[in-house]
Amino acid sequence: MDKAGAIAIEIEPAAITTGNVLPLLHELQHALLRFQIDGSEHCIDVNSLPLSEQDHRQLESVLGRGEVHARLQALGDSEITETRIPGIWRVVHANAEGAVVGRFLEVTACPSILKTQQPDITDGIAHLQRLIDELPGADQ
Amino acid sequence: MKPGLTVGETLRAHGVTRRGFLKYCAAVTSLMALPPSSLKAVAAALEAARRPSVIWLSFQECTGCTESLTRSADASIEELIFNAISLDYHHTLQAASGAAAEAAREQAMHDNYGNYLLVVDGSIPMADAGYSTIAGISNRDMLLETAAGAAAIVSVGTCAAFGGIPAARPNPTGAVPVSELITDKPIINVPGCPPIPVVITGVLVQYLTFGLPDLDAQGRPLAFYGQSIHDRCYRRPFYDKGLFADSFDDEGAKKGWCLYKLGCRGPTTYNACATAKWNNGTSFPIESGHPCLGCSEPDFWDAGSFYHALSTPTEAIGEAAVYAAGGGLLVGAAVGAAHQRRKRKAVDSHRKVSLDDIDEGAAK
Amino acid sequence: MSESEFLLLVRGPLFTLATVILVGGMLVRIAEILFMGRRKSLAEARGSEASGGFRVMLSRSVPDAGTFQRSGFTIISGYVFHIGLFVVIFLFVPHILVFERAIGLSWPGLPSNIIDATTVITLIAMLTLLIHRIVDPVRRMLSGFQDYWVWLVTALPLITGYLAFHRVGVSAGWMLGVHILSVELLMITFPFTSLSHAFTLWMSRWYNGAVSGYRGIR
C-alpha cells in the first residue's frame, strides 16, 4: 500500500461547535415576534455566519421540517421548506452541478421566490396564446 | 458579442426565468458579503448593467488564475457571467490566434475606448523586455498601450497584484505588479495563488452592478478581503482554548485542532477562503489539514518558512545567541581583568600615611 | 514600507540583533561581576558556602513580617505583576514556540483565554505600582528617568500583545509586528538598566547566603 493509502481516513468529522447556534435561534425568535406584530420580514444568510458541520446539523435538527416542501428547478435545484416553526422557512439554492450556492433562513408568510414573478407572467401570456393558437379549432 | 444589451436582457435571451435570475442574485449577494436586504438593489443594478467589453491580458503567469476561473465556468451560474460580459480578448481561451487575435484586441479597444475593463494576470518583467512577449510585443508595452483606454483594471492573482512567485527572491526577471506601472487608472487587486474562482467572478459582477468596489489599503475589494482567515476560521475555538496540532496527522490534527504551530498564516492573511471555500464550497486548506500559506498577501514566498509559526523569528537566533554569549563572556572577562588590574595598581601604589605627612599638612 | 516587509524585518534581522544585544550584554555584565573576584579566605570555614547560597536564593522570596507590614502593598502587587508576567511570557503557546526555535526546548502551555485574563491582571498590577511610585513622596523623589522607561518597555509588550490577540485597530499584520518590535525594545533595554536584576538577583542572593553560610573570616 502506498504512503497515501496508509493514512486512515476519518469518516466522522470532529464534533466542533462554535456556540453560534443559540444566538442565531434568538435572532429568529425576535424576528418572529416582530413579524407577528407588524408583518416585517427578515432574512438571514446562513452561509455568512461561522458555523461548523456540527452547528449546521444542530440547526437542522432544532428547526426540523414542517408542512410545506417545494422544489424550484431553475439554474439547478432549490429547496424551499417551511420548518416545524411556522413562519421560519429554509431556502437552499444549488447550482446545476448540485453545489450549494446560497443558504437562507427567512421569517415570512411565504418566500418571495416561490411567488410567480411579473416578467414571467408577461412571457406566460405570450406562451399561452401560442399554445391556444396551435390547438385545432383555435381560429374560431 | 453584443455590447449594447444589458445583463438582464442577455440572461433572458438565454432562457433564464426571473426566478432563476433572483436565485443567482441571492447567491451573489451572499458571496459579496452583503446582507440579504440588499438583494433588491443587487437585482435591480445587475439587471440594468450594460455588458462591458473585457480585455484579458496574460503576462508572466502560470495560467492558474485562468484555470481557476474556467473551473468555475463549469457551473452554469458562473458561466452566465461570461455571457454577461463580452470577453473580447483572452489569448488562452479565444479561438483566434496570431495576427487575427491582435486585430481583435485592437478593434475592441478602439470600439470601446475609455469604457472597457482590462483584466490582467501575471507579473510584468522589467529586467529585460524579452523575458515575456506576446506577438513580439513586450508585456510592459502591451500593458501601457491597453491600459490607456481602460475604464478600470482588475489585477487577478498575486502575480498581477503584488508580483507573486516571479518576484520572489532574487527576482531574476525584475517582475513587478500592475500597480507599479499604471498609476493613473483605478486598479482592483484580486490576489490569491490562485484566487478563489467565485471571488474572481464575484468581483466582476460587483464591478458590473455597483462600479468600483470599496478597496482596502492593498487595493483589494473589502467584500472578499475584508476579513482575515483567522477571524472566520472554524478552528478558532481551538486556538482560543490553546489546543494545537503539533505535527501533521498527529492526534491533535486528527481532532481538527488549530494549525498555528504548523505555521498557519491565517492570522495575517486576508481572503475569503474560510467562508466561500474552494471547489464550490467543498473545503479549504485548513479544513483539509494544511496550514494557510498566506497566498493573497504580498511577498508571501519570502515571508519565512511556511511551516514555522507566525510568532517565531525567521533567522537562527539560537546560533546568534551562542555567539553573542561567547563574545559577551570574553568582553566581560576582559573588563573584569581590567578592573582587577586597576585595583591591584591602586593597592600597590598605596602609601601609608606617616607622621611627617601629617606635620606637613598641618604646617600648610 | 508595506505590512509584510515590516513583519519580515521584525521577525528577521531585528530579532537577531535584539537577541545578540540581550545575550551578549547580559553575559558582559555577569562575567564582569564574576571576574571582579572575591577576597581570599583567611580562616577556615565553619559552615558551607554552597548550601547557604542556594538556601537564600529561595528563602529571600518570602518576605519577613516586618517588611510585609511596612510595604505590604508593594509586595503583593509586585508578586502579582511578576507571576503574571512569567505566566504570560512562558505559558502562552505562540511564545513557547519562540523559545523552542531558540533553544530547542518546549513545554505545555495554558489555554489562551487564561493567558488573556492574566495579561489584564498583570497590567492592572503594573498600573497600581506606577501610581504608587508617583503618589508616594519618597518613591517619587527616588525615581528617575530609568525607572519610568523600564516600566514603559515592560508594559508595551503586554498592551500590544493584548491588542494583537484581540485584533483591535489596524490590520492584524501591523499589530503583530508592533508587538514583536516592542518585545525587541524590551530585550535591548535589558542589559543596560535595572531590568538585568532578573539574572543578577540570583547571584546577589547566592552571595549573601554564601557569606553567612561560610561563617568565617575573609
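Model, not experiment: these values are computed from the prediction.

Looking only at helices and strands, chain C features 10 helices and 0 strands. Dimensions of chain C along its principal axes, counting C-alpha atoms only, are 65 × 40 × 35 Å. Residues classed as buried in chain C amount to 31% of the 218 residues present. Excluding contacts between residues fewer than 6 apart, the proportion of contacts in chain C whose partners are at least 24 apart in sequence is 79%.

What follows covers the overall build of chain A. Each helix and strand counted, chain A has 4 helices and 5 strands in total. Put simply, chain A runs from its N terminus to its C terminus through helices and strands in the order α-α-β-α-β-β-β-β-α. Taken over 140 residues, chain A has a buried fraction of 23%. Long-range pairs, those at least 24 residues apart, make up 44% of the contacts in chain A with a sequence separation of at least 6.

So, about the interface of chain C and chain B. As a measure of interface size, the accessible area lost when the parts come together is often cited. Listed as interface residues are 44 residues of chain C and, on the opposing side, 41 residues of chain B. Broken down by secondary-structure element, the contributors of at least two residues to the side of chain C that touches chain B are α1 (3-11), α2 (13-34), α5 (93-103), α6 (112-135) and α9 (172-189) of chain C. Here the side of chain C that touches chain B takes 16 residues from α2 of chain C, the largest share from any one element. Its residues placed into classes, the side of chain C that touches chain B shows 24 nonpolar, 14 polar and 6 charged.

Taken residue by residue, a regular strand's side chains alternate between the two faces of the sheet. Residues and elements named next belong to chain B. Every second residue of strand β9 (residues 187-190) is oriented toward a common face, with Ile187 and Asn189 on one face and Ile188 and Val190 on the other, all of them buried. Across 4 bridges, the pairing between strand β7 (residues 150-156) and β9 is parallel. The residue bridging Val156 from the neighbouring strand is Val190, located in β9.

Let's shift gears to the interface of chain B and chain A. Tallying the contact residues gives 29 residues for chain B and 29 residues for chain A. Where the side of chain B that touches chain A is concerned, the elements lending two or more residues are α2 (18-31) and α5 (76-84) of chain B. Here the residues of the side of chain B that touches chain A are counted per class, giving 12 nonpolar, 9 polar and 8 charged.

All right, on to helix α8 (residues 145-166) of chain C then. Residues and elements named next belong to chain C. End to end, α8 covers 32 Å across 22 residues, agreeing with the expected 32 Å (1.5 Å per residue, within 8%). Among all positions of α8, only Val153, Pro157, Leu158, Gly161, Ala164 and Phe165 are buried. Of the surrounding elements, those touching the buried residues of α8 are α4 (65-90), α6 and α9. Taken from the residues just after α8, Arg167 is the one with a positive phi, measuring 55°.

Now for unusual backbone geometry. Glycine aside, a negative phi is what most residues show, and trans is what most peptide bonds show. Residues and elements named next belong to chain B. The residue after Arg169, namely Pro170, is reached through a cis peptide bond having omega 0°. Within the fold, Pro170 resides in the loop between α8 (157-162) and β8 (175-176). Even without being glycine, Ala135 reaches a positive phi, approximately 50°. Among the structural elements, Ala135 can be located in the loop between β5 (133-134) and β6 (137-138). Here Ala135 falls in the exposed class, since 12 other C-beta atoms lie within 10 Å of it. A positive phi angle is found at Asn171, which is not glycine, with a value near 50°. With respect to the helices and strands, Asn171 occurs in the loop between α8 and β8. When the 16 C-beta atoms within 10 Å are taken as the criterion, Asn171 is described as partly exposed.

Residues and elements named next belong to chain A. Relative to strand β3 (residues 77-82), strand β2 (residues 69-73) runs antiparallel, the two being bridged by 5 bridges. What sits directly across from Leu72, in β3, is Ser78. In textbook terms, the turn of a hairpin is the stretch between consecutive antiparallel strands, and for β2 and β3 this stretch comprises 3 residues, one of which, Leu75, has a positive phi near 55°. Two elements, β3 and strand β4 (residues 88-94), share 5 bridges in a ladder whose sense is antiparallel. Its bridge partner lying in β4, Ser78 is registered against His93.

What follows is about the confidence of the model for chain C. Any residue range with low pLDDT should be treated as having predicted coordinates unsuitable for detailed reading. Per-residue pLDDT for chain C has a mean of 86; in total, 91% of the residues score no lower than 70. Model confidence for the complex: the whole-complex pTM is 0.77, and ipTM, which rates the interface, is 0.81.

This part is about the packing of α4 of chain C against α6 of chain C. Helix packing geometry: the angle between the two helix axes and the distance between the axes. Residue and element names in this part refer to chain C. In contact at an axis separation of 8 Å, α4 and α6 are set at 145° when each is read in the N-to-C sense. As α4 packs across α6, the resulting crossing turns out to be left-handed. Touching Phe73, Thr74, Ser77, Gly78, Val80, Phe81, Gly84, Leu85, Val87 and Val88 of α4 are Ile115, Thr118, Thr119, Ile121, Thr122, Ala125, Met126, Thr128, Leu129 and His132, all from α6. Broken down by class, the residue content of the contact of α4 with α6 amounts to 11 nonpolar, 9 polar and no charged.

Residue and element names in this part refer to chain A. As summarised here, the arrangement of the 5 strands in space is β1-β5-β4-β3-β2, forming an open sheet in which the pairing is antiparallel. The outermost strands of the open sheet, each flanked by one partner alone, are β1 (42-45) and β2. Between one strand and the next, the sheet's axes are offset by a mean angle of 20°, whatever the strand orientation.

With that settled, consider the environment of Gly136 of chain B. Residue and element names in this part refer to chain B. Structurally, the position occupied by Gly136 is in the loop between β5 and β6. What makes Gly136 exposed here is the crowd of 7 C-beta atoms within 10 Å. Gly136 sits 111 residues away from Cys25 along the chain, and the two C-alpha atoms are 42 Å apart.

The next subject is the packing of α2 of chain C against α9 of chain C. Residue and element names in this part refer to chain C. Where α2 contacts α9, the two axes come as close as 8 Å, and the packing angle between them is 25°. It follows from the interaxial angle that α2 and α9 lie roughly parallel. Here α2 and α9 pass one another in a crossing that is left-handed. On the side of α2, the interface is formed by Leu14, Phe15, Ala18, Thr19, Ile21 and Leu22, while α9 contributes Glu184, Met187 and Ile188. Across the contact of α2 with α9, the residue classes break down as 7 nonpolar, 1 polar and 1 charged.

Relative to the assigned elements, Ala321 of chain B resides in helix α15 (residues 317-348). Spatially, the C-alpha atoms of Ala321 of chain B and Pro172 of chain B are 34 Å apart, while their sequence positions differ by 149 residues. Look past the residues within four positions of Ala321 of chain B in its chain and what remains in contact with it is Thr19, Val23 and Ala102 of chain C.

This part takes up the nonpolar core. Cys25, Leu118, Val120, Ile153, Val199 and Val203 of chain B are the most contacted members of the largest nonpolar core, which has 139 residues in total. It is α2 of chain C that contributes the most residues to this core, 10 residues altogether.

Residues and elements named next belong to chain C. Among the structural elements, Ser59 can be located in helix α3 (residues 49-59). Taking the number of C-beta atoms within 10 Å as the measure of exposure, Ser59 has 11 and is therefore exposed. A C-alpha to C-alpha distance of 9.6 Å links Ser59 and Gly209, two positions 150 residues apart in sequence.

What counts and what doesn't
- Residues numbered from 1 in each chain as written.
- Chains lettered and ligands numbered in written order.
- Predicted model: local features only at pLDDT ≥ 70, side-chain atom pairs only at ≥ 80, totals over all residues.
- Helix = DSSP H or I, 4+ residues; strand = E, 2+ residues; numbered from the N terminus.
- Buried ≥ 20, exposed ≤ 12 C-beta atoms within 10 Å, placed from the backbone.
- Contact = placed C-beta atoms within 7 Å.
- Nonpolar A, V, L, I, M, F, W, Y, C, P; charged D, E, K, R; others polar.
- Pairing = 2+ DSSP bridges.
- Expected span 1.5 Å × (residues − 1).
- pLDDT = per-residue confidence, 0-100.
- Axes fitted to C-alpha atoms, helices over the stretch in contact; angles between N-to-C directions.
- Left-handed = near helix turned anticlockwise from the far one by under 90°.
- Parallel < 35°, antiparallel > 145°, perpendicular 65-115°, else oblique.
- Core = buried A, V, L, I, M, F, W, Y, C linked by C-beta atoms within 7 Å.

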